[in-house]
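Reading the structure
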Amino acid sequence: MKTIIEPFRIKSVEPIFVTTPEERKAILEQAFYNPFLVNAEHVLIDLLTDSGTSAMSSHQWAGIMQGDESYAGSRSFFHFESVVKSITGMPFIIPTHQGRASEKILFSILGGKGKFFVSNTLFDTTRANIEFSGATGIDLLCEEGKHPAIPAPFKGNLDTVALEQFIKEKGAETIPAVILTITNNSGGGQPVSMQNIKEVKAICAANQIPFYIDACRFAENAYFIKLREDGYQNSSIEDIAKEMFSYADGATMSAKKDAFANIGGFLALHSEALAKECRNLLIITEGFPTYGGLAGRDLEAIAIGLREVMEESYLQYRIRSIEYLSDKLHAAGVPVMRPAGGHAIYIDSKAFLPHIPVAQYPGQALVCELYLAGGIRSVEIGSLMFGKYDEAGELIPAAMELVRLAIPRRVYTQSHIDYVSEVVIDVFQRRDLIKGLEITEEAPLLRHFTAKLKPL
Ligand code: F0G
């Protein structure tokens, strides 16, 4: 059979809320043209994020009931720890309430002024935690990754030539870690090849620089390796995941993505000394080392989710359903990143809205229009998220102006996705009428979450 079906059936449903275009116009105005400030009940299809929005399985819900809520040494912790140890091969596993808590702990220890963290592309919270420590985040994405329309199998790879040059220039002692984000969320959800992981590891080892993985979407990355990289077609996802982690000194993870959990994360480490330091910080910020900011039931849900996410029938459906939407939009001429990434569709808003200058935030203009037209919530990954100002107060734009339609795991059906494609194509056909925006209020860090804007 040609059709790849959802490898599950639906046992419990929740309503979604329909609004009229007139209502949405008023709602968006009240939310200052920032959909982060729109109430969820005013959103029809919520593609803001794939984080914490997964549908949990009946097994996970059963695990929730069985969660052991003991303060110390809970059974659920040991279940969680054994699964994470087995996948990562790392002996020290520290639970946190979400990915950024792991980042905060790790970079508070490794970071500081005059230090550089090099990555394929740092996610926004990772960069913010690095910068908050006084260090600098450096993105060295491979050339293919910088061209949304040009297909390549591993557009998330780190540019290893640039990495070697950077190490020579700054000195290995200034670089506490190289971090590979797999898949590369801010660069289009694109995968990193095993070859690239190995090369990065070899460069790090030669220079005695620790190598970390930001593992939020490790299973999606492993599936792409299986599909696209020679020598992995007959490997299981679990074996590929284990190999990826085998090269790393440590990993940070948000369990809100590839663990189907609504909350949670962890730090996995090889170094006992570093784990000790991290646990000391954990206790004052998150909690005791066997729960670290989570309830026992959350640890159960994560342990079960981590096993489910590596099921091949699930990953086949997951990756195909993203590609399905990408193909529909591409066929209608919508400039989407090709090939499709693992968890989201990325629209190139510079190509979609060439008449809107970057300083007028074309990505955010498109995000607003998708909400107005169809009640779809998406997110700008461009100069609103990553832009900075120079000394003269002029915008230093981001490398790309993308709009992300992130698809929650196991949540929406094919007709929801067909509806999304109709809305995007409708907006594309009248794109000339869309206008840019200006910022009226913004925070110094992670401004996109709370920024207020108005149309020009
Ligand atoms: N790293 C990556 C690659 C991420 O995508 C995220 C979160 C984090 C770290 C932080 O994890 O949210 O649990 O603290 N990404 C979400 C998103 C928010 O919408 O892409 P967190």
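Analysis parameters
Residues numbered from 1 in each chain as written. Predicted model: local features only at pLDDT ≥ 70, side-chain atom pairs only at ≥ 80, totals over all residues. Buried ≥ 20, exposed ≤ 12 C-beta atoms within 10 Å, placed from the backbone. Helix = DSSP H or I, 4+ residues; strand = E, 2+ residues; numbered from the N terminus. Pairing = 2+ DSSP bridges. Right-handed = clockwise from strand over helix to strand, strands pointing away. Core = buried A, V, L, I, M, F, W, Y, C linked by C-beta atoms within 7 Å. Contact = placed C-beta atoms within 7 Å. Axes fitted to C-alpha atoms, helices over the stretch in contact; angles between N-to-C directions. Domains from an automatic or database assignment. Nonpolar A, V, L, I, M, F, W, Y, C, P; charged D, E, K, R; others polar. Expected span 1.5 Å × (residues − 1). Near = placed C-beta within 6 Å. UniProt positions renumbered as here; feature names shortened; annotations may be inferred.

**Points about the pairing of strand β5 (residues 177–181)**
Counting buried residues in β5 gives five out of five residues, a clear majority hidden from the surface. Residue alternation in β5 divides its side chains into two sets, A177, I179 and T181 and V178 and L180, and both sets are buried. Sheet topology places strand β3 (residues 116–119) next to β5; three bridges connect them, and they run parallel. Bridging from a neighbouring strand, F117 pairs with A177 of β5. Note: β5 against strand β6 (residues 211–214), four bridges, orientation parallel. Paired with T181 across the strands is D214, a residue of β6. With respect to chirality, the unit in which β5 leads through helix α7 (residues 194–206) into the neighbouring parallel β6 is right-handed.

**Topic: the nonpolar core**
By size, the foremost hydrophobic cluster in this structure holds 133 residues, and its most contacted members are V178, A241, M244 and I345. When sequence neighbours within four positions are dropped, the list of residues in contact with A241 reads I87, F218, A219, A222 and M310.

**Overview of the sheet that holds strand β11 (residues 379–381)**
Sheet architecture is open: three strands sit in the order β9-β14-β11, paired in antiparallel fashion. Each having just a single partner strand, β9 (344–348) and β11 make up the two edges of the open sheet. Neighbour to neighbour, the strand axes of the sheet diverge by 35 degrees on average, direction disregarded. The sheet contact formed by β11 and strand β14 (residues 402–406) spans three bridges and is antiparallel. If you follow I381 over to β14, its bridge partner there is L402.

**Topic: the domain arrangement of the chain**
Assigned domains within the chain: domain 1 (21–50 + 313–455) and domain 2 (58–308). Of the residues lining the interface, 23 residues belong to domain 1; the matching set on domain 2 comes to 22 residues. Of all the elements in the fold, those that place two or more residues in the side of domain 1 that touches domain 2 are α12 (312–331) and β9. Counting residues per element, the side of domain 1 that touches domain 2 draws most heavily on α12, which supplies four residues. Its residues assigned to classes, the side of domain 1 that touches domain 2 shows 15 nonpolar, three polar and five charged.

**Quick notes on helix α16 (residues 414–429)**
Between its terminal C-alpha atoms α16 stretches 23 Å, which fits the 22 Å expected from 16 residues at 1.5 Å a residue. Turning to α16, the residues buried within the fold contact β1 (45–46), α12, α14 (362–374), β10 (376–377) and β14.

**Looking at the site of the ligand**
Lining the immediate surroundings of the ligand are 15 residues, of which T49, Q98, G99, R100 and S254 lie closest. Residue assignment for the shell around the ligand shows that the elements contributing at least two residues are α4 (99–110) and α5 (124–132). Of the residues belonging to the shell around the ligand, the class tally is two nonpolar, 10 polar and three charged.

**A closer look at the UniProt feature "domain: Aromatic amino acid beta-eliminating lyase/threonine aldolase" (unreviewed entry) in the chain**
The UniProt feature table records "domain: Aromatic amino acid beta-eliminating lyase/threonine aldolase" (unreviewed entry) at residues 46–422. Along residues 46–422 the backbone is 44% helical and 14% strand, and the end-to-end C-alpha distance reaches 15 Å.

**What about the environment of E22?**
Turning to its location among the elements, E22 is positioned in helix α1 (residues 21–30). Taking the C-alpha atoms as reference points, E22 and H42, separated by 20 residues in sequence, lie 12 Å from one another.

**Quick look at the sheet that holds strand β2 (residues 92–96)**
If you walk across this open sheet you meet the seven strands as β2-β8-β7-β6-β5-β3-β4, and the pairing is mixed. Both edges of this open sheet fall to β2 and β4 (136–139), since each of them pairs with a single strand only. Neighbour to neighbour, the strand axes of the sheet diverge by 20 degrees on average, direction disregarded. Against the sheet, α7 contacts β5 and β6, and its axis sits at roughly 175 degrees relative to β5. Its contacts with the sheet put helix α10 (residues 272–285) on β2 and β8 (265–269), and the angle it makes with β2 is roughly 20 degrees.

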